[in-house]
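One letter stands for each residue in the lines below.
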Amino acid sequence: MAQGYEATVEELLHPENQPTLDEDILYRYFPNLEGPLAPVQAQTNWVYRMINTPRPLEEKMVLFWHQLFATGNSKIDNPPELLQQIAMFRRHGLGSFHDLLVELAKNPAMIFWLDNNGNHRGAINENWGRELLELFSMGVGNYSEDDIKEASRAFTGWTIGPKLPRLPLGRFYWSFAYKPEDHDDGEKTFLGHKGRFNGEDIVDIVVQQPATAMFLARHLYNFFVADEPQVAQWMMAPPRDIAAIETLEQAYFDSNYEIRPVLRVLFHSDFFKQARFSRVKTPAEMVVSIIKLVGYFKEGFRPGMEAIGYEAEYMGMELYEPPTVEGWHYGKEWIDSGTLLERINWTAEWVGQTDLPGIKDIVDRLMSRGAMSPKEFVAGCLDLIGPVEVTEETRRSLIEFAEKDGELRQSTAEERSAFARQVGQMLQMIVSTQEFQFA
């Protein structure tokens, strides 16, 4: 608050100026973190980082790229390699989109996920070439089947290096290998360009396309601003805010395909500032924000991190295991009768624990205001847990719930104890509302 909005944005956009997260505590409590059969431990690793990182936007962008470049352990069957992919997103997530796509094409987990290790000169596998264009950069309708074939030819020879035997020590990390003898060096025609292209040449052409700028802009808008239709509908459904998308597209080209300047434009835009509560929180956002709110790790590492780590899975978002290469569907599709019940029950359980540092802080801040009416009490709770904006109907319901205890006082120890309990109950009511599901 003291440094102001612009300085805060710059601090977020430059995570390299903040210290890195100390990993020693992770490995102390989770020594199997990089074990070959540890997808749950891998989730724990990442969720712990999201909660405790001093570089929040860096980790938020890692989640963004994981959703866009969806890669699943069901096929990879090697959680350490997915951890390496996530670490790559951490290194390149705010930099050049061109460089990120090249690194993605060299990432062993992605190579295996989309079968580019089976893409050979004279016997191409189109899986990586197709998804690069369809789901990772341009979107359906902006390329031809011939473009897919030519892109696939350009990526022949991009494969995984020889793997060391698993036994007796378990799996070793995979590595990228380029095999020139397996690369198709013939002339190719791709998106109207001709040449003896390799994979990096394909990426050079892709990032220059207006379709790529729009595709990336819509994803960023959907992730940070407001829910868009599902990606599969984009060919037919126009953007929710065409002017906003055009602004982000222009920033993409002005910055020579750099992500950080695009985000700077986004965070300073009116369409960002005015679009509060226009997105349904993803399960990962819900879990991480609640654990941060209650201050569970404020006083150091505590038991229970593993259960927290896979809670997002129960809400429909199993990290490292997207349902398809398309990633997760978002918006209101995060909500059904089962996942909504899980969201409410889990969240209410945490915010009702008034002995946790974050909730105790809310109690103390409310208590410092002295005696208050039920209306003032509800307003204070909504402000301190969010702030959360609710409809008048919801507000009336919350006030009616508070009125059953009459005026809220804190004169005696008994009244203060009752007041803390009432705060916990009101916070549980608030997280059960429809409005709390939105960010």
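The shown structure was predicted, so the numbers you read here are calculated from the model rather than taken from an experiment.

1. A short note on the overall build of the protein chain
Each helix and strand counted, the protein chain has 23 helices and 4 strands in total. Taking 439 residues into account, the globule formula puts the C-alpha radius of gyration at 22 Å, and the protein chain, at 24 Å, falls close to it. Dimensions along the principal axes, computed over C-alpha positions, put the protein chain at roughly 85 × 55 × 40 Å. Evaluated residue by residue, the protein chain yields a buried proportion of 53% over its 439 residues. The contacts of the protein chain with a sequence gap of at least 6 include a subset with a gap of at least 24, amounting to 72%. For the protein chain, the computed accessible surface area is about 19700 Å², with 50% contributed by carbon and sulfur atoms.

2. Considering the nonpolar core
Grouped together as the largest cluster of nonpolar side chains are 139 residues, with contacts concentrated most on Trp65 and Phe69. The element contributing the most residues to this core is helix H12 (residues 210-224), with 9 residues. Apart from residues no more than four positions distant in its own chain, Trp65 is found in contact with Phe89, Gly93, Phe97, Leu100, Leu216 and Ile259.

3. Structural notes on unusual backbone geometry
A cis amide bond links Gly386 to the next residue, Pro387, at an omega of 5°. For Pro387, the location among the structural elements is in the loop between helix H21 (374-385) and helix H22 (392-403). A positive phi angle is found at Asp115, which is not glycine, with a value near 65°. With respect to the secondary-structure elements, Asp115 resides in the loop between helix H8 (108-113) and helix H9 (127-134). According to the relative accessible area criterion, Asp115 is partly exposed, its value standing at 24%. For Phe277, which is not glycine, the phi torsion reads 60° and is therefore positive. Secondary-structure assignment places Phe277 in the loop between helix H15 (270-273) and helix H16 (283-294).

4. So, the side chain of Gln43
For Gln43, the location among the structural elements is in helix H3 (residues 39-52). Separated by 3.3 Å, the side chain of Gln43 and the backbone oxygen of Leu319 make a polar contact. Filtering out sequence-adjacent residues up to four positions away, Gln43 remains in contact with Gly309, Tyr310, Glu313, Glu318, Leu319 and Tyr320.

5. Considerations on the packing of aromatic side chains
Under the counting rule described, the total for this entry stands at 29 aromatic pairs. Geometrically, the ring pair formed by Phe377 and Phe419 is edge-to-face, given 5.7 Å between the ring centres and 65° between the ring planes. Placement of Phe377 in helix H21 and of Phe419 in helix H23 (residues 413-431) is noted, with a sequence separation of 42 residues between them. Across the ring face of Trp174, the terminal group of Lys163 is positioned such that the distance to the ring centre comes to 4.3 Å. Against the face of Phe223 rests Arg279, its NZ or CZ located 5.9 Å from the ring centre.

6. Some thoughts on the environment of Ser144
In this fold, Ser144 is placed in the loop between H9 and helix H10 (145-154). When its relative accessible area of 31% is taken as the criterion, Ser144 is described as partly exposed. Along the primary structure Ser144 and Leu133 are separated by 11 residues, whereas in three dimensions their C-alpha atoms are 9.8 Å apart. Here the side chain of Ser144 touches Asp146 through a polar contact of 3.3 Å, landing on its backbone nitrogen.

7. Some words on the pattern of salt bridges
For the structure on display, the rule yields 19 salt bridges. For the salt bridge of Arg260 with Glu16, the shortest nitrogen-to-oxygen distance reads 3.7 Å. Placement of Arg260 in helix H14 (residues 259-268) and of Glu16 in the loop between helix H1 (5-13) and helix H2 (24-29) is noted, with a sequence separation of 244 residues between them. With a relative accessible area of 44%, Glu16 lands in the partly exposed category. Here Arg90 makes a salt bridge to Glu59, at a shortest N to O gap of 2.6 Å. Of this pair, Arg90 sits in helix H6 (residues 79-92) while Glu59 sits in helix H4 (residues 56-68), and the two are 31 residues apart along the sequence. Of the residues examined, Arg90 reaches a relative accessible area of 17% and is grouped as buried. Within the structure, one salt-bridge network assembled from shared partners comprises Glu126, Arg130, Glu145 and Lys149.

Thresholds applied
Residues numbered from 1 in each chain as written. Predicted model: local features only at pLDDT ≥ 70, side-chain atom pairs only at ≥ 80, totals over all residues. Heavy atoms only, no water. Helix = DSSP H or I, 4+ residues; strand = E, 2+ residues; numbered from the N terminus. Rg over C-alpha atoms; globule rule 2.2 N^0.38 Å. Buried < 20%, exposed > 50% of the residue type's maximum accessible area, 1.4 Å probe, protein only. Contact = heavy atoms within 4.5 Å. Areas by Shrake-Rupley, 256 points an atom, 1.4 Å probe, with all protein chains shown as cover. Core = buried A, V, L, I, M, F, W, Y, C linked by side-chain atoms within 4.5 Å. Polar contact = N/O pair within 3.5 Å; in protein donor to acceptor, adjacent residues only side chain to side chain. Phe/Tyr/Trp six-rings, centres within 6.5 Å; stacked < 30°, edge-to-face > 60°. Lys NZ or Arg CZ within 6 Å of the ring centre and 35° of its normal. Salt bridge = Lys/Arg side-chain N within 4 Å of Asp/Glu carboxyl O.

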